[in-house]
Amino acid sequence: MIRKLTVEDHQHVLAFLSEEPSINLFIIGDIEAFGYDSEFQEIWAEFDEENEIKAVLLRYYQSFIPYANGEFDLDGFVSIVKQYEQPIQLSGKSDIVEKFEGIDGLLLGRKQTTFFAECLTDECLGDVSGSTSREISKAGIEDVDQIIELRCAIDEFHITSDSRNMLVKAMETGTGRTYYTGDNGRITSCVSTTAENSMSAMIVGVCTRKENRRQGLATAIMQKLFKDVLDEGKTLCLFYDNPEAGRIYKRLGFKDIGMWTMYRPL
């Protein structure tokens, strides 16, 4: 049986999602931030005969994330997704979301598969205080335009029309933060979190201006941000598909825990 969840289901669904809190950080974060009654967000769950949750499907605007810890009612979830305007954005553990491929009437966009890694300890961070001579600052709303401008200059970044609003919302709701270095009032390097919740945070937006690279700025900012988040008792998570970046993250204490696939509208 599949039904839409309400606030009365909160503890039940949170216990289910907490079996893999890092993999489920987006679902957990959205539930904690926006609840069960938002127009732009809905959560469904599949229940077994003993009324235990088998799978969950989150809708956040036109973005869907399914999660299951075993077999689930794929046709039931597909019928829900088809009720919304196509194409949709779909993301999640690769072995789950790839089951949605090739289904008639379901329009998925460009496929991207990345490694999913987590960090549980700051043992590999070293001496954060002495990692760079540049001051590391926490960004505010007044810094958003510079951050977006810097991200737009990075070829591999996917910047959308709502990227600025999403960054502002993350700062305002406490679901994300950005640390940066600057030179004469110009941001030279930055790194952000997103989908922060009571258990975990996703690292995104690691970037440095081309003329400021190979100075250790991004690594220094990551060390500072990672330590602050870990000191709050949260797990750090990130995606990567660049082997060189992967080696840097692993030196900082990250370990691969799975693969993550996203389908973006073309």
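What counts, and at which threshold
- Residues numbered from 1 in each chain as written.
- Predicted model: local features only at pLDDT ≥ 70, side-chain atom pairs only at ≥ 80, totals over all residues.
- Heavy atoms only, no water.
- Phe/Tyr/Trp six-rings, centres within 6.5 Å; stacked < 30°, edge-to-face > 60°.
- Helix = DSSP H or I, 4+ residues; strand = E, 2+ residues; numbered from the N terminus.
- Buried < 20%, exposed > 50% of the residue type's maximum accessible area, 1.4 Å probe, protein only.
- Axes fitted to C-alpha atoms, helices over the stretch in contact; angles between N-to-C directions.
- Parallel < 35°, antiparallel > 145°, perpendicular 65-115°, else oblique.
- Left-handed = near helix turned anticlockwise from the far one by under 90°.
- Contact = heavy atoms within 4.5 Å.
- Nonpolar A, V, L, I, M, F, W, Y, C, P; charged D, E, K, R; others polar.
- Pairing = 2+ DSSP bridges.

### Some words on the packing of aromatic side chains
Taken as a whole and assessed by the stated rule, the structure comprises 19 aromatic pairs. Between Phe34 and Tyr60 the ring centres are 5.7 Å apart and the planes differ by 35 degrees, which places this aromatic pair in the tilted class. Pair noted here: Phe34 is in helix H2 (residues 25-34) and Tyr60 is in strand E3 (residues 53-60), with a separation of 26 residues, a long-range link. On the basis of relative accessibility, which here comes to 22%, the residue Tyr60 falls in the partly exposed class. Within the aromatic cluster, the residues linked to one another by ring pairs are Phe115, Phe226, Tyr240, Tyr249 and Phe254.

### So, unusual backbone geometry
In this model, Gln86 is joined to Pro87 through a cis peptide bond whose omega is 0 degrees. By the secondary structure assignment, Pro87 is in the loop between helix H3 (74-81) and strand E5 (89-93). Despite not being glycine, Tyr61 shows a phi value in the positive range, around 55 degrees. Its place among the elements puts Tyr61 in the loop between E3 and strand E4 (63-68). Located in the positive-phi region is Ala195, a residue other than glycine, with phi close to 55 degrees. Residue placement: Ala195 occurs in the loop between strand E9 (186-194) and strand E10 (200-208).

### Points about the packing of helix H1 (residues 10-17) against H2
Here H1 crosses H2 at 160 degrees, and the two axes come no closer than 10 Å. As the angle between them shows, H1 and H2 are arranged roughly antiparallel. Between H1 and H2 the crossing geometry is left-handed. Between H1 and H2, the contacting residues are His10, Val13, Leu14 and Leu17 on the first element and Ile27, Ile28 and Ile31 on the second. Within the contact of H1 with H2, the residues separate by chemical class into six nonpolar, one polar and no charged.

### A closer look at the pairing of strand E12 (residues 255-264)
In this structure, E5 lies alongside E12, joined through four bridges in antiparallel fashion. Within the sheet, the bridge partner assigned to Lys93 lies in E12 and is Trp260. Across nine bridges, the pairing between strand E6 (residues 110-119) and E12 is antiparallel. Of the residues in E12, the one forming a bridge with Arg110 is Arg264.

### Considerations on the side chain of Lys93
Here Lys93 lies in strand E5. Every residue in contact with Lys93, bar those within four places of it in the chain, is listed here: Glu20, Ile23, Tyr67, Met259 and Trp260.

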